[in-house]
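So the chains spell out like this:
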Amino acid sequence: MESPEKIRERFLANADIKYRTFSEKVVVPSESHRIAGIRMPVIRKFAKDICGGDWRTYLDSTNDEYHEDLLLRGFIIARAKIPEEDRCAMITDFVPMMDNWGVCDSFASELRVNRRNSARIWDMILPFLDSDREFEARFAIAMMLFHFMDDVHADDIIAYMDAVRNDAYYVRMAVAWCLSVCFVKFPERTTAYLKNSTLDKFTFNKTLSKITDSLRVSGDVKDEIRKMRRK
């Protein structure tokens with residue numbers, strides 16, 4: 001079996017300079033994790049292959065030097081065949097490591113939520129909403145958006161979005177994004193909320209903007225939404 005060092009060597013060999021330049025413009029790299037320039041399909045393929053072997057040894061022995069190392073770690077956590085209780089523990093340990101919206105949103109979308117584990121996942125993400133760390137709070141919001149935007153959770157999601165007090169840019173953008181999707185799926189409930197929300201001006205107007213950007217909202221409705229904009 002290949003050593004973790006050899007696997008990572010093959011992984012980093014997929015780095016593309018042009019794609020790295022593009023990614024650096026879209027996902028602002030942190031001082032801790034540079035961008036190598038490895039495309040998502042490659043990362044997902046490596047995650048799948050590693051999960052077929054001794055993935056724990058790979059995670060334990062790998063230094064997350066690059067942005068893509070974090071993505072690969074997250075995708076392995078999402079794909080590994082383990083009890084959901086163990087996965088939740090690994091998620092909780094991993095979330096504080098995220099340092100940009102790309103890792104945050106990609107990891108949230110990669111996780112699998114179903115009837116058997118939804119209650120456990122929901123309970124796991126709620127504490128992150130109160131975090132003062134930007135991408136921990138955004139992770140909880142992204143999870144709600146990707147996996148819980150249904151009739152059962154819609155009212156709770158709206159209430160939680162109104163209660164978010166982390167004023168970091170990517171948190172406020174996530175709140176606006178989440179509420180705009182909520183509006184598309186549950187327009188009456190969300191409209192009623194927006195008329196009485198306690199959102200700050202930036203987040204409120206950004207929510208309206210994202211709603212009017214949606215192709216699933218009619219022109220007449222968009223006109224009414226624009227009238228709600230705060231001056």
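Below: a short report on this structure. Note that the coordinates shown come from a computational prediction; the quantities given were computed from them, not determined experimentally. (Residues numbered from 1 in each chain as written. Predicted model: local features only at pLDDT ≥ 70, side-chain atom pairs only at ≥ 80, totals over all residues. Heavy atoms only, no water.)

Where helix α11 (residues 169-185) contacts helix α13 (residues 201-213), the two axes come as close as 8 Å, and the packing angle between them is 45 degrees. Relative to α13, the element α11 lies oblique. Considering the relative orientation of α11 and α13, their crossing is right-handed. Here α11 contributes Y169, R172, M173, V175, A176, W177, L179, S180 and F183 to the contact with α13, which in turn contributes F202, T203, K206, T207, K210 and I211. The residue inventory of the contact of α11 with α13, partitioned by class, reads nine nonpolar, three polar and three charged. (Axes fitted to C-alpha atoms, helices over the stretch in contact; angles between N-to-C directions. Helix = DSSP H or I, 4+ residues; strand = E, 2+ residues; numbered from the N terminus. Parallel < 35°, antiparallel > 145°, perpendicular 65-115°, else oblique. Left-handed = near helix turned anticlockwise from the far one by under 90°. Contact = heavy atoms within 4.5 Å. Nonpolar A, V, L, I, M, F, W, Y, C, P; charged D, E, K, R; others polar.)

Here the structure, examined in full by the defined rule, presents 18 salt bridges. Taking the shortest distance from any N to any O, the salt bridge between E2 and R10 comes out at 2.8 Å. Ionic contacts of the salt-bridge type, sharing partners, join the residues R8, R34, E65 and D69 into one network. (Salt bridge = Lys/Arg side-chain N within 4 Å of Asp/Glu carboxyl O.)

Below, the discussion takes up the nonpolar core. Formed by 74 residues in total, the largest nonpolar core has its most connected members in I125 and F139. When residues of this core are assigned to their parent elements, the largest contribution, nine residues, is made by helix α9 (residues 134-147). The residues contacting I125, other than those within four sequence positions of it, are F139, A140, M143, M144 and F148. (Core = buried A, V, L, I, M, F, W, Y, C linked by side-chain atoms within 4.5 Å. Buried < 20%, exposed > 50% of the residue type's maximum accessible area, 1.4 Å probe, protein only.)

Of the pockets and cavities examined, the largest pocket occupies roughly 290 Å³. When contributions to the lining of the largest pocket are tallied by element, the ones reaching two or more residues are α3 (40-51), α5 (67-79) and α6 (84-94). The calculated volume of the second largest pocket comes to roughly 180 Å³. The set of elements that each furnish at least two residues to the lining of the second largest pocket consists of α2 (17-26), α3, α5 and α7 (101-110). (1 Å grid on protein atoms, 1.4 Å probe; cavity = no way out; pocket = protein on both sides within 12 Å on 5 of 7 lines; lining within 4 Å. Points joined across faces, edges and corners; volume = space filled by probe spheres on them.)

Bear in mind that shape data such as this cannot, by itself, settle questions of function.
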